[in-house]
Amino acid sequence: MARRGSYAKGVARRQEILESALDVIGRTGYRNASLKQIAEAVGVTPAALLHYFGSKEELFTEVLRTRDEHDERDPRMHDPGDAKAAFLDVIRHNAEVPGVVELFSRLAVDAADPEHPAHRYFLDRSERLRGRIAEAFDGDTVERAALDADTTARVVQAVADGLQLQWLIDPSVDMPGILEALMDVLYPPTTPR
């Protein structure tokens, strides 16, 4: 019985570390978020962080996974009819957490290496995201889409990722506005705005 209690405490502590790291990175930025700073926010040592995650890259990968879990709690993300609005809300929220956007962008580049701890995360996330976007664009039998659903999903994902990079360089870039305009061109709304 003691083993189960200690396992539950370990799971809870790990989740606490992830939530604190997400907050620290969101507030201070990727480059300013040291293991020491994240450890202090949780009340553990940097060595304890590595006990739970093995490396800074693994910790940061799990931080992104936690961020995704937060985003996926929105029930609209699972309803093809509301997926577009929910996706745009995620993009709007990203503008409030530049450190997390920077972490995502930097880790995405590093994860191109199949040996990087985040490689599998980015492959799985991309597939899941494209599936949701494709489902949202494929749900209408009127066939008003300019491209097939999979191609549309890839274009939307590529533009969203690219806009994040542009926004990091120039915060005046209207990520959700540009993405919504693109989505409306690729899949025109049934009623004019």
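Parameters and conventions
- Here the residue index of a chain counts from 1 through its sequence in written order.
- Residues qualify for local features only when their pLDDT is at least 70, as the model is predicted, and side-chain atom pairs are given and counted only at 80 or more; totals for whole chains, interfaces and linings, by contrast, use all residues.
- With hydrogens and water stripped out, all remaining heavy atoms of the structure feed into the side-chain values.
- Only rings of Phe, Tyr and Trp enter the pairing, Trp through its six-membered ring, and a pair is recorded when the two centres are within 6.5 Å. The plane angle decides the type: under 30 degrees is stacked, over 60 is edge-to-face, the rest tilted.
- The way it works is that DSSP assigns letters per residue, a run of H or I at least four long becomes a helix, a run of E at least two long becomes a strand, and they are numbered from the N terminus.
- Each residue's exposure class comes from its accessible area (1.4 Å probe, protein chains only) as a fraction of the maximum for that residue type: buried when under 20%, exposed when over 50%, partly exposed otherwise.
- To obtain each axis, a line is fitted to C-alpha atoms, and for helices this fit is confined to the stretch in contact; angles are then taken between N-to-C directions over 0 to 180 degrees.
- When an angle is under 35 degrees it counts as roughly parallel; over 145 it counts as roughly antiparallel; between 65 and 115 it counts as roughly perpendicular; any other value is oblique.
- Put simply, a crossing is left-handed when the front helix is turned counterclockwise from the back one by less than a right angle, and right-handed when it is turned clockwise.
- Throughout, a residue-residue contact means that at least one pair of heavy atoms, one from each residue, lies within 4.5 Å.
- When residue character is reported, Ala, Val, Leu, Ile, Met, Phe, Trp, Tyr, Cys and Pro are called nonpolar, Asp, Glu, Lys and Arg charged, and the others, Gly included, polar.
- Counted as positive: Lys and Arg. Counted as negative: Asp and Glu, with His and the chain ends omitted from the count.
- Salt bridge, as applied in this entry: a Lys or Arg side-chain nitrogen positioned within 4 Å of an Asp or Glu carboxyl oxygen.
- Here a polar contact is taken to be a pair of N or O atoms separated by no more than 3.5 Å, where protein atoms must pair a possible hydrogen donor with a possible acceptor and residues adjacent in sequence count only if both atoms sit in side chains.
- Patches here: salt-bridge-free residues with over 30% relative accessible area, like charges joined within 9 Å, nonpolar side chains (Val, Leu, Ile, Met, Phe, Trp, Tyr) joined within 5 Å.
- What sets the accessible areas is the Shrake-Rupley method with a 1.4 Å probe; for residues, cover comes only from the shown protein chains.
- Throughout, a charge is located at the NZ atom of Lys, the CZ atom of Arg, the CG atom of Asp or the CD atom of Glu.

A. Layout of the packing of aromatic side chains. Scanning the model with the defined rule gives 3 aromatic pairs in all. Taking 5.2 Å as the distance between ring centres and 55 degrees as the angle between the ring planes, the aromatic pair formed by Phe-104 and Phe-122 counts as tilted. Here the residue Phe-104 occupies a position in helix H6 (residues 98-110), and Phe-122 occupies one in helix H7 (residues 119-138), the gap between them amounting to 18 residues. Here the two residues Phe-104 and Phe-122 agree in accessibility, since each one is buried. Counting every residue linked through ring pairs, the aromatic cluster contains Phe-104, Tyr-121 and Phe-122.

B. A look at the packing of H6 against helix H8 (residues 149-169). Following both chains from N to C, one finds H6 and H8 inclined at 125 degrees, their axes separated by 10 Å at the closest point. Comparing their axes, H8 and H6 come out oblique. Considering the relative orientation of H6 and H8, their crossing is left-handed. Judged by residue contacts, Pro-98, Val-101, Glu-102, Phe-104 and Ser-105 of H6 engage Asp-161, Gln-164, Leu-165, Trp-167 and Leu-168 from H8.

C. Up close: the packing of helix H5 (residues 83-94) against helix H9 (residues 175-186). H9 packs onto H5 with a crossing angle of 155 degrees between their chain directions and a minimal axis gap of 9 Å. On the basis of their axis angle, the class for H5 and H9 is roughly antiparallel. The handedness of the crossing between H5 and H9 is right-handed. Contacts between H5 and H9 involve Lys-84, Phe-87, Leu-88, Ile-91, Arg-92 and Asn-94 on the former and, on the latter, Met-175, Pro-176, Leu-179, Glu-180, Met-183 and Asp-184. Its residues assigned to classes, the contact of H5 with H9 comprises 7 nonpolar, 1 polar and 4 charged.

D. Spatial organisation of the side chain of Arg-130. Secondary-structure assignment places Arg-130 in helix H7. Asp-150 provides the closest opposite charge to the buried, salt-bridge-free Arg-130, at an N-O distance of 4.7 Å. A polar contact of 3.4 Å, which involves the side chain of Arg-130, links it to the side chain of Gln-157.

E. Looking closely at a negative patch on the surface. On the surface, Glu-57, Glu-58, Asp-110, Asp-113 and Glu-115 cluster together into a negatively charged patch. In this fold, Asp-110 is placed in helix H6.

F. Structural context of the pattern of salt bridges. Inspection of every chain in the model, using the stated rule, returns 16 salt bridges. For Arg-125, the salt bridge identified is with Asp-68, shortest N-O distance 3.3 Å. Separated by 57 residues along the polypeptide, Arg-125 in helix H7 and Asp-68 in helix H4 (residues 56-72) bring together distant segments of the chain. Classification of Arg-125 as buried rests on a relative accessible area of 15%. When salt bridges with common partners are traced through the structure, they connect Arg-67, Asp-68, Asp-71, Glu-72, Arg-125, Arg-128 and Arg-132 into a single cluster.

Just geometry here; none of it tells us what the structure is for.
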